[in-house]
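Summary of the model geometry
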Amino acid sequence: MSSSIDQPNSITCKAMVAWEAGKDLVMEEVEVSPPQPHEIRVKVVCTSLCRTDITAWESQAIFPRIFGHEASGIVESVGKGVTEFVEGDHVLTVFTGECKTCKHCESGKSNMCQVLGLERRGVMHSDQRTRFSIKGKPVYHYCAVSSFSEYTVVHSGCAVKVSPQAPMEKICLLSCGVAAGLGAAWNVADISKGSTLVIFGLGTVGLAVAQGAKLRGASQIIGVDINPEKYEKAKAFGVTDFLNPNDCKEPIQQVVKRISGGGTDYSFECIGDTGMVTTALQSCCDGWGLTVTLGVPKVKPEITSHYSAFLSGKTLKGSLFGGWKPKSDLPSLVNKYMNQEIQIDEFITHNMPFEDINKAFSLMREGKCLRCVIHMPN
């Protein structure tokens, strides 16, 4: 480990590399460059598998690549100009950063940082290059995080300092899925006490929406999913009514409208199916019904809807990371967890060693897990 005076060197470590779409990840020795100005190198402690990793791995064309973006770790070294982190700090990585100086960061209205926003090309924000290589050839990043590696380099604006008392194997879930669902309920929809809602898709994000709604005092939380095994788990997060579209003799939006007395106050699409966005919009009430879409679609990114839905006063809103400004807001969510105000442990269905990451991919594809937490070697 380098001292803060010494210039850090490249290090070699193990990483799970995706060489082509949909094929098992391969454990490889990778070289990780030292952090450049305003970057930090992080020793990953725990990383959890998110559905978005699966979607990208199945469909995107940039390879070889190191996936993973939900992670906790310890700062190993810092680049020039980094003042807020020192070696040994505990951090969460985030897939969308916060520079704190751009128009959006200063607005108080948005978390869509114009400098450190969602990175889609597999490189670092600062110089459009990679920090990973194998035998001198570049290995691409994912969401400027790439946590399926023992060490990774991230921009200092894409990391959040957290309490060293917070358990790393739990709070890693707050760097994406659980925070996204809670934020959609609290920040984007701003659910009110006594209100009604329907959630399409009861994975981690959908159940986090349910938890957020329950904590806000919602009177009816309808969960929609084609997997009947999710009902018992969903009840623990606050879901009051469970609907399986395969068991319904009429369109699911009609069932929702009937059992909610004319449509819900809020509707959340947490699947990543743009056709379901239309269904969600049809499920909320006229006048003030609000639909929030959180899922990332694999196919058909265009949304279609009849104009009458909007003429009748309904609203459709998008949500990235639940509206949280990561550096400003995530420490308070960690504190809520530490104070037992929000649930995280219940989302973790599996804990696995790093070398079993392909099993985690299989479990998620088969719908047999919520979150698999991957524990890196000590």
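Residues numbered from 1 in each chain as written. Predicted model: local features only at pLDDT ≥ 70, side-chain atom pairs only at ≥ 80, totals over all residues. Heavy atoms only, no water.

Per an unreviewed UniProt entry, the chain goes by Alcohol dehydrogenase-like 6 and derives from Hibiscus sabdariffa. Per UniProt, the comment on the chain under Subunit (unreviewed entry) is "Homodimer." In its Sequence similarities (unreviewed entry) section, the UniProt entry covering the chain states "Belongs to the zinc-containing alcohol dehydrogenase family." (UniProt positions renumbered as here; feature names shortened; annotations may be inferred.)

All right, on to the overall build of the chain then. Along the chain, the regular secondary structure elements total 11 helices and 17 strands. A globule of 378 residues ought to have a C-alpha radius of gyration of about 21 Å, and the chain, at 21 Å, matches this closely. Along the first, second and third principal axes, the C-alpha atoms of the chain reach 65 × 40 × 40 Å. The buried share of the chain, reckoned over its 378 residues, is 55%. (Helix = DSSP H or I, 4+ residues; strand = E, 2+ residues; numbered from the N terminus. Rg over C-alpha atoms; globule rule 2.2 N^0.38 Å. Buried < 20%, exposed > 50% of the residue type's maximum accessible area, 1.4 Å probe, protein only.)

Right, let's get into the UniProt feature "domain: Alcohol dehydrogenase-like N-terminal" (unreviewed entry) in the chain. Taking the UniProt record as the reference, the feature "domain: Alcohol dehydrogenase-like N-terminal" (unreviewed entry) is found at residues 36-162. Across residues 36-162 one finds 11% helix and 29% strand; the C-alpha atoms that close the span lie 22 Å apart.

On to the sheet that holds strand E7 (residues 137-139). Taken in spatial order, the four strands line up as E1-E2-E6-E7 in an open sheet, and their pairing is antiparallel. Both edges of this open sheet fall to strand E1 (11-17) and E7, since each of them pairs with a single strand only. Here the average twist between neighbouring strands, direction ignored, is 50 degrees. As paired elements, strand E6 (residues 132-134) and E7 share three bridges and run antiparallel to each other. Looking across to E7, one finds that Ser133 is bridged to Pro138. (Pairing = 2+ DSSP bridges. Axes fitted to C-alpha atoms, helices over the stretch in contact; angles between N-to-C directions.)

Right, let's talk about the sheet that holds strand E10 (residues 196-200) for a bit. With parallel pairing, six strands are arranged side by side in an open sheet as E12-E11-E10-E13-E14-E15. The open sheet has two edge strands, strand E12 (241-243) and strand E15 (315-318), and neither has a second partner. The average angle at which neighbouring strand axes cross in this sheet is 20 degrees, direction not considered. By the bridge criterion, four bridges tie strand E13 (residues 266-269) to strand E14 (residues 290-293) in an arrangement that is parallel. If you follow Phe268 over to E14, its bridge partner there is Val292. Its contacts with the sheet put helix H5 (residues 204-215) on E10, strand E11 (220-224) and E13, and the angle it makes with E10 is roughly 170 degrees. Across the sheet, helix H7 (residues 252-259) is in contact with E10, E11 and E12; its angle to E12 comes to roughly 160 degrees. (Contact = heavy atoms within 4.5 Å.)

A few words on the UniProt feature "domain: Alcohol dehydrogenase-like C-terminal" (unreviewed entry) in the chain. The UniProt entry lists residues 205-332 under the feature "domain: Alcohol dehydrogenase-like C-terminal" (unreviewed entry), expressed in the numbering used here. Structurally, residues 205-332 comprises 38% helix and 16% strand, and the distance from its first C-alpha atom to its last is 19 Å.

This part takes up helix H1 (residues 51-59). The set of residues buried in H1 consists of Asp53, Ile54, Thr55, Ala56 and Trp57. Check the buried side of H1 and you find it contacts strand E3 (39-48) and helix H11 (357-365).

This part is about the packing of helix H4 (residues 177-188) against helix H10 (residues 326-338). The contact between H4 and H10 brings their axes to 12 Å, and the two run at 100 degrees. By the criterion of interaxial angle, the relationship of H4 to H10 is roughly perpendicular. Counted together, Ala179, Leu182 and Trp186 of H4 and Leu330, Leu333 and Lys336 of H10 form the full contact between these two elements. Across the contact of H4 with H10, the residue classes tally to five nonpolar, no polar and one charged. (Parallel < 35°, antiparallel > 145°, perpendicular 65-115°, else oblique. Nonpolar A, V, L, I, M, F, W, Y, C, P; charged D, E, K, R; others polar.)

What follows concerns the environment of Gly217. Inspection of the secondary structure puts Gly217 in the loop between H5 and E11. As a C-alpha pair, Gly217 and Phe63 span 154 residues in sequence and 46 Å in three-dimensional space. Here Gly217 is in contact with Lys193 and Gly194, once residues within four sequence places are set aside.

For the coordinates displayed, the defined rule picks out 19 salt bridges. Across the pair Glu70 and Arg371 runs a salt bridge, and its minimum N-O distance is 3.0 Å. Residue Glu70 is located in strand E4 (residues 70-78), and its partner Arg371 is located in strand E17 (residues 371-375); the two are separated by 301 residues in the primary sequence. The exposure class of Glu70 is buried, given its relative accessible area of 0%. Its relative accessible area of 3% is what places Arg371 among the buried residues. Notably, a salt bridge pairs Lys161 with Asp89, separated by 3.5 Å at the nearest N-O pair. On the criterion of sequence distance, the pair formed by Lys161 in strand E9 (residues 159-161) and Asp89 in the loop between E4 and strand E5 (90-93) is long-range, its members being 72 residues apart. A relative accessible area of 42% means that Lys161 is categorised as partly exposed. (Salt bridge = Lys/Arg side-chain N within 4 Å of Asp/Glu carboxyl O.)

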